[in-house]
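Survey of secondary and tertiary structure
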Amino acid sequence: MSLEELIKLAENGDAKAMVELGVYYQKQGDYDGFEQSTYWNEKAADLGNPNGIIRSMTGHTLIALLNQEVGD
């Protein structure tokens, strides 16, 4: 499945696609990737997806740690 197809599914409310996008963006390994990952995982969590819930919590923690590191 292409990234464009995955995005379309996620935008249409597919929680599994949202989590897959979260994984994709997290693998980018940069701050923007973590932000995008957390965004999609939160959307999945809002739909009650257990993986989305867990991954969004992890994403918020990573972003907080990265922000703290940048601020030091």
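What you are looking at is a predicted structure, and each value in this text was computed from that prediction instead of being measured. (Residues numbered from 1 in each chain as written. Predicted model: local features only at pLDDT ≥ 70, side-chain atom pairs only at ≥ 80, totals over all residues. Heavy atoms only, no water.)

**Digging into the overall build of the protein**
- Each helix and strand counted, the protein has four helices and zero strands in total.
- Element order for the protein, N to C, with α for helix and β for strand: α-α-α-α.
- Out of the 72 residues in the protein, the part that is buried amounts to 31%.
- Split by element, the accessible area of the protein, about 4,700 Å² in all, is 53% carbon and sulfur. (Helix = DSSP H or I, 4+ residues; strand = E, 2+ residues; numbered from the N terminus. Buried < 20%, exposed > 50% of the residue type's maximum accessible area, 1.4 Å probe, protein only. Areas by Shrake-Rupley, 256 points an atom, 1.4 Å probe, with all protein chains shown as cover.)

**A closer look at helix α2 (residues 15–26)**
- Taking 1.5 Å of rise per residue, the twelve residues of α2 would be expected to cover 16 Å, and the 17 Å separating its terminal C-alpha atoms lies within 8% of that figure.
- Buried within α2 we find Ala 15, Ala 17, Met 18, Val 19, Leu 21, Gly 22 and Tyr 25.
- Structurally, the start of α2 carries an N-cap: the backbone nitrogen of Lys 16 is 3.0 Å from a side-chain oxygen of Asp 14. (Expected span 1.5 Å × (residues − 1). Polar contact = N/O pair within 3.5 Å; in protein donor to acceptor, adjacent residues only side chain to side chain.)

**Brief notes about the packing of aromatic side chains**
- Tallying each qualifying case throughout the model produces two aromatic pairs.
- Judged by centre distance (5.1 Å) and plane angle (75°), the rings of Tyr 24 and Tyr 25 are edge-to-face.
- When its relative accessible area of 15% is taken as the criterion, Tyr 25 is described as buried.
- Consider the rings of Tyr 39 and Trp 40, whose centres lie 5.0 Å apart with planes at 80°: the pair is edge-to-face. (Phe/Tyr/Trp six-rings, centres within 6.5 Å; stacked < 30°, edge-to-face > 60°.)

**Regarding the packing of α2 against helix α3 (residues 31–46)**
- At a minimum axis separation of 7 Å, α2 and α3 run at an interaxial angle of 165°. Taken as axis vectors, α2 and α3 run roughly antiparallel relative to one another. Relative to α3, the crossing made by α2 is left-handed. Together, Ala 15, Met 18, Val 19, Leu 21, Gly 22, Tyr 25 and Gln 26 of α2 and Gly 33, Phe 34, Gln 36, Ser 37, Trp 40, Asn 41, Lys 43 and Ala 44 of α3 make up the contact between the two elements.
- Looking at side-chain class alone, the contact of α2 with α3 contains eight nonpolar, six polar and one charged residues. (Axes fitted to C-alpha atoms, helices over the stretch in contact; angles between N-to-C directions. Parallel < 35°, antiparallel > 145°, perpendicular 65-115°, else oblique. Left-handed = near helix turned anticlockwise from the far one by under 90°. Contact = heavy atoms within 4.5 Å. Nonpolar A, V, L, I, M, F, W, Y, C, P; charged D, E, K, R; others polar.)

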